[in-house]
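# Coordinate inspection notes
Read off the chains here:
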Amino acid sequence: MYAEWKVELCITYVSMDKRLQTAKDIINKMMEIAGYDVTFDDLLKEEDGWYARYTMTQKQSDEWKEWSIKKLMKDRGMTKRKAEYEMSMMDLAYGLRIDEDGFRSLPEISENGNEQI
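Throughout, residues of each chain are indexed from 1 in the direction in which the sequence is written. Owing to the predicted nature of the model, reporting of local features is limited to residues with pLDDT of at least 70; listing and counting of side-chain atom pairs is limited to 80 or more, with chain, interface and lining totals taken over all residues. Only heavy atoms go into the side-chain values, all of them from the structure, while hydrogens and water stay out.

## So, the overall build of the chain
Looking only at helices and strands, one finds five helices and four strands in the chain. Each helix (α) and strand (β) of the chain, taken in turn from the N terminus, gives the series α-α-α-β-α-α-β-β-β. Three exposure classes are used, based on accessible area relative to the maximum for each residue type with a 1.4 Å probe and protein chains only: buried under 20%, partly exposed in between, and exposed over 50%. Relative to its 117 residues, the chain shows a buried fraction of 26%. Residue contacts follow a heavy-atom distance rule, with two residues in contact if any of their heavy atoms lie within 4.5 Å. Pairs at least 24 residues apart make up 55% of the contacts formed inside the chain by residues separated by at least 6 positions. Throughout, the Shrake-Rupley method with a 1.4 Å probe supplies accessible areas, and for residues the shown protein chains are the sole cover considered. With an accessible surface of roughly 8,800 Å², the chain has 53% of that area assigned to carbon and sulfur atoms. Only runs of H or I of at least four residues qualify as helices and only runs of E of at least two qualify as strands under DSSP, and these elements are numbered from the N terminus.

## Brief notes about helix H4 (residues 58-75)
Each residue after the first adds 1.5 Å to the expected span of a helix. The end-to-end C-alpha distance of H4, which contains 18 residues, comes to 25 Å, matching closely the 26 Å that a straight helix rising 1.5 Å per residue would cover. Those residues of H4 not exposed but buried are Ser61, Trp64, Ser68, Ile69, Lys71 and Leu72. Down the axis of H4, the sector holding all buried residues measures 165°, keeping them to one side. Exposed and oriented more than 90 degrees from the buried face of H4 are Lys59, Lys70 and Lys74. In the stretch just after H4, Gly77 is the one whose phi turns positive, near 70°. Summarising the geometry, the arc corresponds to the directions from the helix axis toward the C-beta atoms.

## What about the pattern of salt bridges?
A pair is scored as a salt bridge if a Lys or Arg side-chain nitrogen falls within 4 Å of a carboxyl oxygen belonging to Asp or Glu. For the coordinates displayed, the defined rule picks out seven salt bridges. A salt bridge links Asp75 to Lys71; the nearest nitrogen and oxygen atoms lie 2.4 Å apart. On the criterion of helical spacing, the pair formed by Asp75 and Lys71 is a turn pair, its members being four residues apart in helix H4. With a relative accessible area of 35%, Asp75 lands in the partly exposed category. A salt bridge links Glu86 to Lys82, with the nearest nitrogen and oxygen atoms 2.9 Å apart. Pair noted here: Glu86 and Lys82 are both in helix H5 (residues 80-94), with a separation of four residues, about one helical turn. Among the charged side chains, a salt-bridge network with shared partners connects Asp25, Lys71 and Asp75.

## A word on the nonpolar core
Definition used in this section: a nonpolar core is a set of buried Ala, Val, Leu, Ile, Met, Phe, Trp, Tyr and Cys residues joined via side-chain atoms within 4.5 Å. The biggest cluster of nonpolar side chains holds 20 residues, and the ones touching the most others in it are Met30, Trp64 and Leu96. Of the residues forming this core, the biggest block, five residues, is contributed by helix H1 (residues 2-33). Those residues in contact with Trp64 that sit more than four places away from it in its chain are Ile26, Lys29, Met30, Ile33, Met56, Met87, Met90, Asp91 and Gly95.

Have a look at this one:
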């Protein structure tokens, strides 16, 4: 019984490790497509909310999603529909802000509470 549990635990750990690596690859690809020289490991060192400090265009976002869906289908054996759903969740949680200008930073709030562009 103990040996079976140990084997199952190892399989689960490897599976989690593969999922984490896939997530790292997807985040790294997002930053690459968006034109940033930043990796997943670099982002771990930043404060929370890093995904709101970087931007990408809609075209870059579409390219990232297309690449990521193919990766999930290949590496994780997902159907296209499941991969699209997973990417929707990934984009919602970690996707970069869409900014068609590509260089606009977060708006600053003036003393009277209005956004300054």
